[in-house]
Amino acid sequence: MLAITLLVLCAVGTQALDNGLARTPPMGWLIWERFRCNTNCKLDPNNCVSEKLVKEMADRMVEDGYKDVGYEYVNLDDCWSDKERDAQGRLQADPDRFPSGIKSLADYIHSRGLKMGIYGDYGTKTCAGYPGSLGHLQTDAQTFADWGIDMLKLDGCNSNVTTMKKGYPEMTKYLNATGRPILFSCSWPDYERAAKIPINYTLVADNCNIWRNYDDINDSWGSITGIIDYYDKTQDTLVPAAGPGHFNDPDMIVVGDQGINVNQANAQMAMWSIFAAPLLMSNDLRNIQPVYRDILQNKEVIRINQDPAGKMGKRVLTYNSTVDIYVRTLAGPLEFALMFLNTAAKPCTVTVSLRQLGFTYQPGFEFEDAFDNGRFVGVFNTDQMYNYTIKATGALLYNLYFSS
Ligand code: GLA
């Protein structure tokens, strides 16, 4: 009897996110890094935050092969809404830039076989000053569900950060209650980090599908390595937090923008795949060089990112302070991903054995080059020293199988 009572109490007490989503890291496109809060459709009709822009991106995702390799979500960010709520207290889209409304936009995106994401803020206003959800969490969860939204990024500007441990799980409860599976992206840990409040990742992972933990990315190598540096320093906390249904989010993929070169683009994709991170591109898919499109659509790299075991990789060694070496354990028969990241502005050769990287399997491993369509590289012995040459601000990424 006592056991039954306890069970019932537990069932009532639980508020965990229960949507079955993000079993592997979500993939898609997110407007923010590239298009920001450009609301000037008069002067810049092709690049302002509008239904026209979002529809054009959905079209490119389908027609240019992104959907075929797994990109699925098409996501708005800040600055989509009107400055006021409607007479019933609901959020509403800016009528000039979204004349057909969000439901109609979601219908369009769904008709293309894709999913739609939207943005809200846990505080009184969004970061760009649009209406926030504080005091309206339940209404907003229901409005998003009614519109057919599939992912919600809930930012944390203009709020009391000390209340987030209670407030974000409240939103989780309201999202669950709508009955619509809505992938929940939380900015909560990032705000706690900035406010120096201890982060409870068990609670975060119970309530969010993905979560930001660090500064916003921008279109530069320095920004990418700044994020990687934070992930390296905190990996002992971040790695155990990640798993199917709940992943760390180091922010958007900026491949195809103007600030990083081909080597750096490969490195970002590789690193985000080792991290089991969401692949949310923020770029202009209407205008992208084929070399970057190929990097974004690299099936071998995506295969690592989407590995069903959902385990995040970690740094195992730093060589001469400029090359970081990472291993991600995979579900098998592809057993491991091995990455070398050279942060220096000149090429570097690393000499290392697999045993020094933590591998013990004596027969050794078959190596495939993930950047080169999985080309077979050779069989690598566990104890032999090998040379690896990594391009300036670039990476190497290998798929490893047990050798027989
Ligand atoms: C914050 C977030 C960004 C973006 C902007 C929008 O800075 O971290 O990702 O959503 O707000 O204003």
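Structure's up top.
Below, the structure is looked at part by part. (Residues numbered from 1 in each chain as written. Predicted model: local features only at pLDDT ≥ 70, side-chain atom pairs only at ≥ 80, totals over all residues. Heavy atoms only, no water.)

For the rest of this paragraph, the subject is the packing of helix H5 (residues 137–147) against helix H6 (residues 164–178). At a minimum axis separation of 9 Å, H5 and H6 run at an interaxial angle of 40 degrees. Classified by the angle their axes make, H5 and H6 are oblique. Both H5 and H6 take part in a crossing whose hand is right-handed. Within the contact between the two elements, H5 uses Leu137, Gln138, Ala141, Gln142 and Ala145 and H6 uses Gly167, Glu170, Met171, Tyr174, Leu175 and Thr178. Grouping the amino acids of the contact of H5 with H6 by side-chain chemistry returns 6 nonpolar, 4 polar and 1 charged. (Axes fitted to C-alpha atoms, helices over the stretch in contact; angles between N-to-C directions. Helix = DSSP H or I, 4+ residues; strand = E, 2+ residues; numbered from the N terminus. Parallel < 35°, antiparallel > 145°, perpendicular 65-115°, else oblique. Left-handed = near helix turned anticlockwise from the far one by under 90°. Contact = heavy atoms within 4.5 Å. Nonpolar A, V, L, I, M, F, W, Y, C, P; charged D, E, K, R; others polar.)

Looking now at the nonpolar core. One broad rule of soluble globular proteins: the nonpolar side chains tend to lie buried together. Formed by 113 residues in total, the largest nonpolar core has its most connected members in Tyr71, Trp80, Ile102 and Trp272. Considering every element that reaches this core, the biggest residue donor is helix H11 (residues 262–274), with 7 residues. Tyr71 has contacts with Met27, Gly28, Met61, Tyr66, Leu114, Met269, Leu279, Met281, Leu296 and Ile302, leaving out every residue within four places of it along the chain. Listed in part, the 22 residues of the second largest apolar core include Ile325, Phe336, Tyr386 and Ile390. (Core = buried A, V, L, I, M, F, W, Y, C linked by side-chain atoms within 4.5 Å. Buried < 20%, exposed > 50% of the residue type's maximum accessible area, 1.4 Å probe, protein only.)

All chains considered together, the criterion is met by 2 cavities of 30 Å³ or more. Put simply, the largest cavity is a space of about 80 Å³. Lining the largest cavity are 13 residues, and of these Leu30, Lys153, Ser185, Asp249 and Leu280 sit closest to its centre. Among the elements of the structure, strand E4 (151–155) and strand E6 (210–212) are those that each provide at least two residues to the lining of the largest cavity. What lines the second largest cavity is simply Asp78, Cys79, Trp80, Ser81, Leu91, Tyr119, Gly120, Thr126, Tyr130 and Pro131. Residue composition of the lining of the second largest cavity, grouped by class: 6 nonpolar, 3 polar and 1 charged. (1 Å grid on protein atoms, 1.4 Å probe; cavity = no way out; pocket = protein on both sides within 12 Å on 5 of 7 lines; lining within 4 Å. Points joined across faces, edges and corners; volume = space filled by probe spheres on them.)

We now examine H6. When the terminal C-alpha atoms of H6 are compared, their 21 Å separation across 15 residues agrees well with the 21 Å that a helix rising 1.5 Å per residue should span. Within H6 the residues assigned to the buried category are Met164, Gly167, Tyr168, Pro169, Met171, Thr172, Tyr174, Leu175 and Thr178. Remark: Gly179 follows H6 within two positions and exhibits a positive phi of approximately 80 degrees. (Expected span 1.5 Å × (residues − 1).)

Working definition: the covalent bond between the sulfur atoms of two cysteines is a disulfide. Inspection of every chain in the model, using the stated rule, returns 4 disulfides. Linked covalently through their sulfurs, Cys37 and Cys79 form a disulfide whose S-S length is 2.0 Å. Handedness of the Cys37-Cys79 disulfide follows from its S-S torsion of about -115 degrees: it is left-handed. Taken together, the residues span a long stretch of sequence, with Cys37 in the loop between helix H2 (32–35) and helix H3 (51–63) and Cys79 in the loop between strand E2 (73–75) and helix H4 (101–111) at a distance of 42 residues. Across the disulfide, Cys186 is cross-linked to Cys208 (sulfur-sulfur distance 2.1 Å). As the torsion about the S-S bond is roughly -95 degrees, the Cys186-Cys208 disulfide counts as left-handed. Taken together, the residues Cys186 in strand E5 (residues 183–186) and Cys208 in the loop between helix H8 (201–207) and E6 connect sequence positions 22 residues apart. The pair Cys186 / Cys208 is uniform in exposure class, with both members buried. Of note for the protein: the bonded cysteines, numbered N- to C-terminal, pair according to 1-4, 2-3, 5-6, 7-8. (Disulfide = S-S within 2.5 Å.)

Below, the discussion takes up the sheet that holds strand E16 (residues 394–402). Here we have 6 strands laid out as an open sheet, ordered E9-E10-E11-E16-E13-E14, and antiparallel in their pairing. Sheet topology places strand E9 (314–319) and strand E14 (375–380) at the edges, where each strand pairs with a single neighbour. Put simply, the sheet's adjacent strands are angled 25 degrees from each other on average, direction ignored. Here strand E11 (residues 336–342) runs beside E16; their pairing, made up of 7 bridges, is antiparallel. Bridging from a neighbouring strand, Met339 pairs with Leu397 of E16. On top of the sheet, H11 reaches E9, strand E10 (323–329), E11 and E16; it is set at about 140 degrees to E11, its chief contact. (Pairing = 2+ DSSP bridges.)

The next point concerns the site of the ligand. What surrounds the ligand is the set Trp32, Asp77, Asp78, Tyr119, Cys127, Ala128, Lys153, Asp155, Arg212 and Asp216. The contact in question runs from an oxygen atom of the ligand to an N or O atom on the side chain of Asp78, over 2.7 Å. Contact between the ligand and Asp155: an oxygen atom at 2.9 Å from a side-chain N or O atom of the residue. Bound to the protein, the ligand loses 90% of the 310 Å² it would expose on its own. Its residues assigned to classes, the shell around the ligand shows 4 nonpolar, no polar and 6 charged. (Near = heavy atom within 4 Å. Polar contact = N/O pair within 3.5 Å; in protein donor to acceptor, adjacent residues only side chain to side chain. Areas by Shrake-Rupley, 256 points an atom, 1.4 Å probe, with all protein chains shown as cover.)

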